[in-house]
Amino acid sequence: MGAVCPQTSNRMAEKTIPQSKTPRAHRTALDRLDWGQPLQAGESLRQKISLPEGVTSRELYSDIVGIAWPSLVELLLTQLTSMADLIMVGQLGPWAISSVGLTTQPKFLLSTMFTALNVGCMTMVARHKGAGRQDKAQLILRQSLMINLVLSVFFAVLGFAFAHPLVLFMGAQDEQTLLGGMQYLQIQMLGLPFLALTTTITNALRGAGDSKTALFYNTIANVVNIFLNYLFIYGRMGMPRLEVAGASLATSISQGVAMAIALAAVLNRNQYVHLNLRAGFRPDRESIADIARIGLPSMIEQLCMRVGMIVYAKTVASLGTVMLACHQVCMNILSLTFMTGQAFAVSATSLVGQSLGKLRADMAVLYSRRTQVLGTAVSVVLMVVLFFFGEPIIRLYSDDASIIEQGAFLLKMVALIQPLQSTQFILTGSLRGAGDTKYTAKVIFVTVMLVRPLIALFSVYVLRWGLTGAWIALVADQCLRTLLITLRYQSGKWKTVLKPDLPQGKAESAAN
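Bear in mind that the values here come from a model prediction, so they are computed numbers and not experimental data.

Caption draft 1: Inspection of the pattern of salt bridges at higher detail. This model, assessed by the stated rule, comprises twelve salt bridges. Salt-bridge contacts for E286 lead to K136; the nearest nitrogen and oxygen are separated by 3.2 Å. Of the two residues, E286 is situated in helix α11 (residues 285–317) and K136 in helix α5 (residues 134–161); the sequence distance between them amounts to 150 residues. Between R481 and D477 there is a salt bridge, with the nearest N and O atoms lying 2.8 Å from each other. Of the two residues, R481 and D477 are both situated in helix α18 (residues 466–491); the distance of four residues between them amounts to about one turn of the helix.

Caption draft 2: A look at helix α2 (residues 57–90). Helix length check: α2 (34 residues) gives 46 Å between terminal C-alpha atoms against 50 Å at 1.5 Å per residue, within 8%. The sharpest bend along α2 comes to roughly 30°, located at A68, with the proline P70 sitting one to four residues further on.

Caption draft 3: Just the side chain of S347, in detail. Looking at where S347 falls in the secondary structure, it is placed in helix α12 (residues 321–357). A polar contact of 2.7 Å, which involves the side chain of S347, links it to the backbone oxygen of I64. The contact partners of S347, leaving out residues within four places of it in the chain, are I64, I67, A68 and V352.

Caption draft 4: Layout of the environment of L185. When you line up the elements, L185 lands in helix α7 (residues 175–190). Along the chain, L185 and R142 lie 43 residues apart, while their C-alpha atoms are 29 Å from each other. Every residue in contact with L185, bar those within four places of it in the chain, is listed here: T103, P106, K107, A163, L166 and V167.

Caption draft 5: Summary view of the side chain of T177. Structurally, T177 is set in helix α7. Residue classification places T177 among the buried residues on the basis of a relative accessible area of 1%. Excluding its chain neighbours within four sequence positions, the residues that come into contact with T177 are W95, S98, S99 and L102.

Caption draft 6: How the structure looks around the packing of aromatic side chains. Evaluated as defined, the whole model comprises four aromatic pairs. Between F154 and F155, the aromatic rings sit 5.1 Å apart at their centres with planes inclined by 80°, giving edge-to-face as the arrangement. Look at F155 and you get buried, because its relative accessible area is 17%. Measuring from centroid to centroid gives 5.2 Å for F338 and F425, while their planes differ by 65°, and the two rings are edge-to-face. Placement of the pair is F338 in helix α12 and F425 in helix α16 (residues 418–433), with a sequence separation of 87 residues. Classification of F425 by relative accessible area gives buried; the value is 17%. Just above the ring of F169 sits the side chain of K314; from NZ or CZ to the centre is 4.4 Å. Its end group placed over the ring of Y312, R452 keeps NZ or CZ at 5.1 Å from the ring centre.

Caption draft 7: Inspection of the confidence of the model for the chain at higher detail. Chain-level pLDDT for the chain is 84 on average; 90% of the residues reach the 70-or-more range. Contacts of residues 1–25 to residues separated by more than four positions or lying in other chains number 72 contacts, the stretch itself having pLDDT below 50. Predicted confidence for residues 507–512 stays below pLDDT 50, and this span has eight contacts to residues more than four positions away or in other chains.

Caption draft 8: Up close: the environment of T496. Inspection of the secondary structure puts T496 in the loop between α18 and α19 (507–511). Given a relative accessible area of 21%, T496 falls into the partly exposed group. From its side chain, T496 meets the backbone oxygen of K493 in a polar contact 3.2 Å long.

Caption draft 9: Expanded view of the state of the cysteines. For the structure on display, the rule yields zero disulfides. C330 takes part in no disulfide bond, and the closest cysteine sulfur, belonging to C326, lies 4.4 Å away.

Caption draft 10: Seen up close, the packing of α11 against helix α17 (residues 437–462). For the pair α11 and α17, interaxial distance at closest approach is 8 Å and the crossing angle is 5°. The angle between the axes of α11 and α17 places the two elements in the roughly parallel class. In the contact of α11 with α17, the residues fall into 18 nonpolar, five polar and four charged.

Quick notes on the rules
- Residues numbered from 1 in each chain as written.
- Predicted model: local features only at pLDDT ≥ 70, side-chain atom pairs only at ≥ 80, totals over all residues.
- Heavy atoms only, no water.
- Salt bridge = Lys/Arg side-chain N within 4 Å of Asp/Glu carboxyl O.
- Helix = DSSP H or I, 4+ residues; strand = E, 2+ residues; numbered from the N terminus.
- Expected span 1.5 Å × (residues − 1).
- Bend = angle between axes of the 7 residues up to and from the residue.
- Polar contact = N/O pair within 3.5 Å; in protein donor to acceptor, adjacent residues only side chain to side chain.
- Contact = heavy atoms within 4.5 Å.
- Buried < 20%, exposed > 50% of the residue type's maximum accessible area, 1.4 Å probe, protein only.
- Phe/Tyr/Trp six-rings, centres within 6.5 Å; stacked < 30°, edge-to-face > 60°.
- Lys NZ or Arg CZ within 6 Å of the ring centre and 35° of its normal.
- pLDDT = per-residue confidence, 0-100.
- Disulfide = S-S within 2.5 Å.
- Axes fitted to C-alpha atoms, helices over the stretch in contact; angles between N-to-C directions.
- Parallel < 35°, antiparallel > 145°, perpendicular 65-115°, else oblique.
- Nonpolar A, V, L, I, M, F, W, Y, C, P; charged D, E, K, R; others polar.

So, in structure tokens, the structure goes:
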């Protein structure tokens, strides 16, 4: 693909570009700036970047937070709902926690395809918004919904049919855990198409800089989930006591609620990525190719991650039901700490994608750097909380003494990697916004598919370090991944991965 990178060594006169079709709440400092220029042969990809004329750091921070805070609240509420699920299920005993934990990797594996293609959806929507091509952004949404509906139905049927062997393969240690895991996974498969369509819409909206709409419908879905948990897990208010199956049913119903509200949101003509049903869903080769160009490397990345995580999870499962339950609790808390990094990564992906779509790699760098500053500040707070308050957090999940003691120690390890984890998420988000997904796929292959499972196998089976050894492998994976992603970002090569689609009349402006 051609190189497209503006440089700030020669400042340009900034002028307003009409944004009549862009909702006022989604405007950024970038919208005020003129188009940049393609990178000239021989120019450095790592030159010093300065703020454009008339743009302040405060505005950039405001743009980042404007996208990140709704994403953060949404992700936190979603993860807190997952946390509440596990806490409520945990009252049934360690077997119930293990049952849910054994379904995690198979469920992620079956959703890999549409999850990966949604990365392509988000990146291309951001690109087209930056280039002023609302029509193409909307076309990307329609194509993504069509593809992901087909894929999700196929994998849902597959997962439902093979739920028993999948949970057994993951290392169920007894009949009760196996039965609970099988029921949980089968019911999850019923809600997989709901989840696929909702996440497609969410990624399209985020690509356009709108994270508030997703916050709205996911908040409602989370409230529904917790209320239904109360009814179905324990059999309240005349409902049958379904235990683990009830938790899964509550989740699937809430995913259906989220999908219905999400579809209603994008059917609103005021949305930048409005879903025009009259335009139809006939396959468009160019759009599918654009989505696949970014999404397929992400799919390979996700497949490598799932294979590595399955080997890792099976290694942990071999330690017994109690240690598996402890691992699942700590992984649930670790996932909660992902939320801040992932929220700021949403900002990075959206703003970097929009900036490069407008030939403003200078703005892409400026947004990315400031996103890292904010993410690091939040990660330090999380580090302190987890290090000093790990034990009371673990007690929320279980009163088992061995789980509490081991879990509190593991959370200290989680605390120490928080700054690295945040940097990794945000820089990966920046690379994805640039369409540089092939490199991230290679990194995942090395770290998650090779480093983590191999160190875990050696630590658990050779050194006999138990669950601590497995978590040492996780920490090693995170550290190496952060290093490799940082080196790629510092190289500047991500700026020239994709060529934006300039709107009619702007190509000449960018060339002059």
